[in-house]
Structure formats: structure tokens, C-alpha cells
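# Structural overview for review
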Amino acid sequence: VNSQQVVVSSRWCPTPEQLQSLEELYRRGTRTPSSEQIQQITCQLRRYGKIEAKNVFYWFQNHKARERLKRRR
């Protein structure tokens, strides 16, 4: 019996459209969105693929941190 296991990634992989939208929001000045803004952004980005509010929250947090690191170098 050939039993193959399918490994499902628990990690969120943003679609190119989701990334483009998030980067555009960041460029326009959204750095720390409120929980209400996060919900709105999440709803808009669902058109392009699976996404949860925590993905949006952490994306902004990580993007801000990476920008700070780049500036320090």
C-alpha cells in the first residue's frame, strides 16, 4: 500500500497582489494600522487569496523592523 503524506504549509505565503497592496499602503504612510484598519485591509486582500488579520498585523510589524535594520546599516 502506497500511502503518501501531503504536507500542508501552515505558513502564509502572500500572493503578488497582496504584497503589492501591502507595500502600497506602507508607502502611503500606514505603519501601525489599528485593529479596525487591519480588518479592512484583510477583507480587501481576501480577493487575492487566503489571508488572516494576524498575517496583516505581522506583515506591518516585520516590514517596519526590516526598514529600521536597513537604515541602521
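The structure displayed is predicted, hence computed values, not measured ones.

We now examine a positive patch on the surface. Together, Arg 11, Arg 66, Lys 70 and Arg 73 make up a positively charged patch on the protein surface. Inspection of the secondary structure assignment puts Lys 70 in helix 3 (residues 53–72).

It is worth spelling out the UniProt feature "DNA-binding region" (unreviewed entry) in the chain at this point. The sites that UniProt annotates as "DNA-binding region" (unreviewed entry) are residues 17–71. Between the end C-alpha atoms of residues 17–71 the distance is 26 Å, and the span holds 75% helix and 0% strand.

What follows covers the UniProt feature "domain: Homeobox" (unreviewed entry) in the chain. The UniProt record marks residues 15–70 with the feature "domain: Homeobox" (unreviewed entry), using the residue numbering of this structure. Secondary structure content for residues 15–70 is 73% helix and 0% strand, and the end C-alpha separation is 24 Å.

A separate point is helix 3. With 20 residues, helix 3 ought to run about 28 Å at 1.5 Å a step, and its terminal C-alpha atoms sit 29 Å apart, in line with that. What helix 3 keeps buried is the set Asn 55, Val 56, Trp 59, Phe 60 and His 63. Down the axis of helix 3, the buried set is contained in an arc of 130 degrees. They therefore lie on one face. Looking at the buried residues of helix 3, the elements they touch are helix 1 (16–27) and helix 2 (35–45).

Here the structure, examined in full by the defined rule, presents three aromatic pairs. Geometrically, the ring pair formed by Tyr 26 and Trp 59 is edge-to-face, given 6.3 Å between the ring centres and 85 degrees between the ring planes. Of this pair, Tyr 26 sits in helix 1 while Trp 59 is found in helix 3, placing the two residues 33 residues apart along the sequence. Summarising the aromatic geometry, the rings of Trp 59 and Phe 60 are spaced 5.1 Å apart at their centres and angled 85 degrees between planes, so their arrangement reads as edge-to-face. Here the two residues Trp 59 and Phe 60 agree in accessibility, since each one is buried. Feature note: the residues Tyr 26, Trp 59 and Phe 60 constitute an aromatic cluster, connected by ring pairs. Of note, Arg 31 hangs over the ring of Tyr 26, and the distance from its end group to the ring centre comes to 3.9 Å.

Our focus in this paragraph is the pattern of salt bridges. If you walk through the whole model with that rule in mind, you get two salt bridges. Taking the shortest distance from any N to any O, the salt bridge between Glu 24 and Arg 27 comes out at 2.7 Å. Of this pair, Glu 24 and Arg 27 both sit in helix 1, three residues apart, roughly one helical turn. Judged by relative accessible area, which is 59%, Arg 27 ranks as exposed. The salt bridge partner of Arg 28 is Glu 24, with a shortest N-O separation of 3.0 Å. The class of Glu 24 is partly exposed, set by a relative accessible area of 28%. The network of salt bridges with common partners includes Glu 24, Arg 27 and Arg 28.

Reading the values: the criteria
Along each chain, residue indices are assigned from 1 in the same order as the chain's sequence is written. Owing to the predicted nature of the model, reporting of local features is limited to residues with pLDDT of at least 70; listing and counting of side-chain atom pairs is limited to 80 or more, with chain, interface and lining totals taken over all residues. Hydrogen atoms and water are omitted, and side-chain values are computed over all heavy atoms in the structure. Exposure above 30% relative accessible area and the lack of any salt bridge qualify a residue for a patch; like charges then connect within 9 Å, and the nonpolar side chains Val, Leu, Ile, Met, Phe, Trp and Tyr within 5 Å. Each accessible area value is a Shrake-Rupley result obtained with a 1.4 Å probe; residue values ignore everything except the protein chains displayed when judging cover. Just to be clear on terms, a salt bridge is a Lys or Arg side-chain nitrogen sitting within 4 Å of an Asp or Glu carboxyl oxygen. Charged-residue counts in this description rest on Lys and Arg as positive and Asp and Glu as negative, His and the chain ends being excluded. Each charge is placed at NZ for Lys, CZ for Arg, CG for Asp and CD for Glu. The secondary structure listing takes helices from DSSP runs of H or I that are at least 4 residues long and strands from runs of E that are at least 2 residues long, numbered from the N terminus. UniProt positions are given in the numbering used here, feature names are shortened, and annotations may be inferred rather than shown by experiment. Expected helix span is given by 1.5 Å per residue-to-residue step, counting one fewer step than there are residues. Per-residue accessibility, obtained with a 1.4 Å probe over protein chains only, is compared with the maximum for each type, and a residue is labelled buried under 20%, exposed over 50%, and partly exposed between these values. It is the directions from the helix axis to the C-beta atoms that the arc portrays. Residues count as neighbours in contact if any of their non-hydrogen atoms are within 4.5 Å of one another. Stacked, edge-to-face and tilted are the three classes for Phe, Tyr and Trp ring pairs, Trp counted by its six-membered ring, which pair at centre distances within 6.5 Å; planes under 30 degrees apart are stacked, over 60 edge-to-face, the rest tilted. Our definition puts a charge over a ring when NZ of Lys or CZ of Arg is within 6 Å of the ring centre and also within 35 degrees of the ring normal.

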